[in-house]
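# Inside the fold
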Amino acid sequence: MKSRIILFFLAILVWLGLTWPPDWQHISIGILVAIFVAFMTGDMFTKRPHLFRHPKRYFWLLYYLPIFIWECIKANFDVAYRVGHPDLPINPGIVKVKTSLKSDTGLTFLANSITLTPGTLSVDVDQEEGFLYVHWLNVKDKDIEKATKLIIGRFEPILKRIFE
Amino acid sequence: MIEIIGYIFIAVGLMFDFFGCLGLVRLPDVYNRLQASTKCVTLGTCSILFGLFLFKGFTASGIKALLCIVFLILTAPVSAHAIARGAHISGVKLWDKSVCDKYEEDKKEM
Amino acid sequence: MNRRLRWLAGLLIIIALFVGIIFYPPASMLEWQSISLMRFFFILSLCCVFCLYRIMRGPTPADRVVSIDILGILIVGFCAVLGISTGRPWYIDIGIAWALQSFIATIALAKYLEGKGFEE
């Protein structure tokens, strides 16, 4: 039930953004549609709704966003350098990375962050044992622990505080 | 003044789009192409949309541009991940000069 | 050293191409905005031509799926530039709808690549 209420408020927020100068016709239609959507698919949205009540997690999310955007910009300059270079200085390979995150949302955000940061692309997830297979544009180390430290060392502690 | 900043954002985004598509032509195999094009084209298009937000301010189309940035950042890496997994399962080999392929070894053991 | 010089020369050529496309022939200050937006379309069309080349030549089906995904994101950029140049607010609606639609299409194509059904 709590999960449905959270989904209802998120849907109202997105609907307000889509029809921005608010008037009462749009808002009433939006409330009807949001009730329908929350009733149909609400129990799939989150399994642990009590996590939404901790204000600490929102602050860690605010701390995470600038780091993520900075890594994105660095990744773009890195790729532009490698593509524009006449010799193509790449050294690709698929390495294995161990993670201690367990929840679905945390793993999804970790995989998205890996894909948008310099030179890495997540290929597959093994959820039972916590392994991620990562395609790396410039392999520096094949060993599991060193690769883990190089690739996800910056994100994992913060994501653990947000989603676990 | 704010329009000139918007133009700068759009020009930078177009430059990243161009480099991403150049990578799509130059790099040697599917996974490398996926890396270059997904990163560069996603952030380039987000930069163009942010330029549109700077032009319009908090009007209807400006807020829709911000929503579109959120959608793109959430969906583009997921589709790249799906394509990479599908390509590896359908049997596309890595480039000849690749260093290692741990995923292939683990798939054989299973 | 020689390599580094070649790389610098290539970068300078690409930047000169961009500046040339945007600023040449010089327009007066009044019509500069509309003309430069028209030139932005030229660069985006160039990117689309690269994607179409990869669709035509791609050795495996996965290459073609990647190009289709990238074309879908580029069209969102087209919609944004059109929304600025014509001043009509509904082009960005088309952009949002196109982004979600192309995401679903790419997931379906990736499932087709895996060679399984949709049940899983």
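Coordinates for the structure precede this section.
The sections below set out a description of the structure shown in this document.

Criteria and cut-off values
- Residues numbered from 1 in each chain as written.
- Chains lettered and ligands numbered in written order.
- Predicted model: local features only at pLDDT ≥ 70, side-chain atom pairs only at ≥ 80, totals over all residues.
- Heavy atoms only, no water.
- Buried < 20%, exposed > 50% of the residue type's maximum accessible area, 1.4 Å probe, protein only.
- Helix = DSSP H or I, 4+ residues; strand = E, 2+ residues; numbered from the N terminus.
- Pairing = 2+ DSSP bridges.
- Axes fitted to C-alpha atoms, helices over the stretch in contact; angles between N-to-C directions.
- Parallel < 35°, antiparallel > 145°, perpendicular 65-115°, else oblique.
- Core = buried A, V, L, I, M, F, W, Y, C linked by side-chain atoms within 4.5 Å.
- Contact = heavy atoms within 4.5 Å.
- Salt bridge = Lys/Arg side-chain N within 4 Å of Asp/Glu carboxyl O.
- Buried area = accessible area lost by both parts, 1.4 Å probe.

## A look at the pairing of strand E2 (residues 120–126) of chain A
- For E2(A), the buried fraction is high: five of the seven residues fall into the buried class.
- Linking E2(A) to strand E3 (residues 131–136) of chain A, which pair antiparallel, is a turn of four residues; within it Gly130(A) sits at a positive phi near 75°.

## Considering the packing of helix H2 (residues 30–56) of chain B against helix H3 (residues 60–89) of chain B
- For the pair H2(B) and H3(B), the least separation of the axes is 9 Å and the interaxial angle reads 175°. By the criterion of interaxial angle, the relationship of H2(B) to H3(B) is roughly antiparallel.

## Here we look at the nonpolar core
- Grouped together as the largest cluster of nonpolar side chains are 57 residues, with contacts concentrated most on Leu49(B) and Leu74(C).
- Secondary structure elements with two or more residues in this core: E2 of chain A, helix H1 (2–26), H2 and H3 of chain B together with helix H1 (2–23), helix H2 (32–57), helix H3 (61–86) and helix H4 (91–114) of chain C.
- Looking at this core element by element, the count peaks at 11 residues for H3(C).
- Dropping the residues within four chain positions of it, Leu49(B) is found in contact with Ala65(B), Cys68(B), Ile69(B), Leu72(B), Val76(C), Ala80(C) and Ile92(C).
- With 22 residues, the next largest nonpolar core counts Leu132(A), Val139(A), Ala147(A) and Phe163(A) among its residues.

## Observations regarding the pattern of salt bridges
Residue and element names in this part refer to chain A.
- This model, assessed by the stated rule, comprises eight salt bridges over all chains.
- A salt bridge links Asp 43 to Arg 4, with the shortest nitrogen-to-oxygen separation between them at 3.8 Å. Of this pair, Asp 43 sits in the loop between helix H2 (24–41) and helix H3 (55–84) while Arg 4 sits in helix H1 (residues 2–18), placing them 39 residues apart in sequence.
- For Arg 4, a relative accessible area of 24% puts it in the partly exposed group.

## Re the interface of chain B and chain A
- Between chain B and chain A, the residue contacts involve 39 residues of the former and 44 residues of the latter.
- Note on chain B versus chain A: buried area summed over both sides is about 3700 Å², and carbon and sulfur give 70% of it.
- Contact with chain A buries surface across chain B, with Arg26(B), Gln35(B) and Lys39(B) losing the most and accounting together for 18% of the total.
- Inspection of the chain B/chain A interface yields one salt bridge.
- The salt bridge involving Asp124(A) is made with Arg85(B); its shortest N-O contact spans 3.3 Å.

## Let's talk about the sheet that holds strand E1 (residues 93–98) of chain A
- Across the sheet, which stays open at both edges, the three strands sit in the order E1-E3-E2 (chain A) with antiparallel pairing between neighbours. Lying at the two open borders of the sheet, with one neighbouring strand each, are E1 and E2 of chain A. Sheet twist, expressed as the average angle between the axes of neighbouring strands with direction ignored, equals 30°.
- Taken together, the six bridges between E2(A) and E3(A) define a ladder with antiparallel strand orientation. Counterpart to Leu121(A) in the pairing with E3(A) is His135(A).
- Those strands touched by H2(B) are E2 and E3 of chain A, and its axis lies near 115° from that of E2(A).

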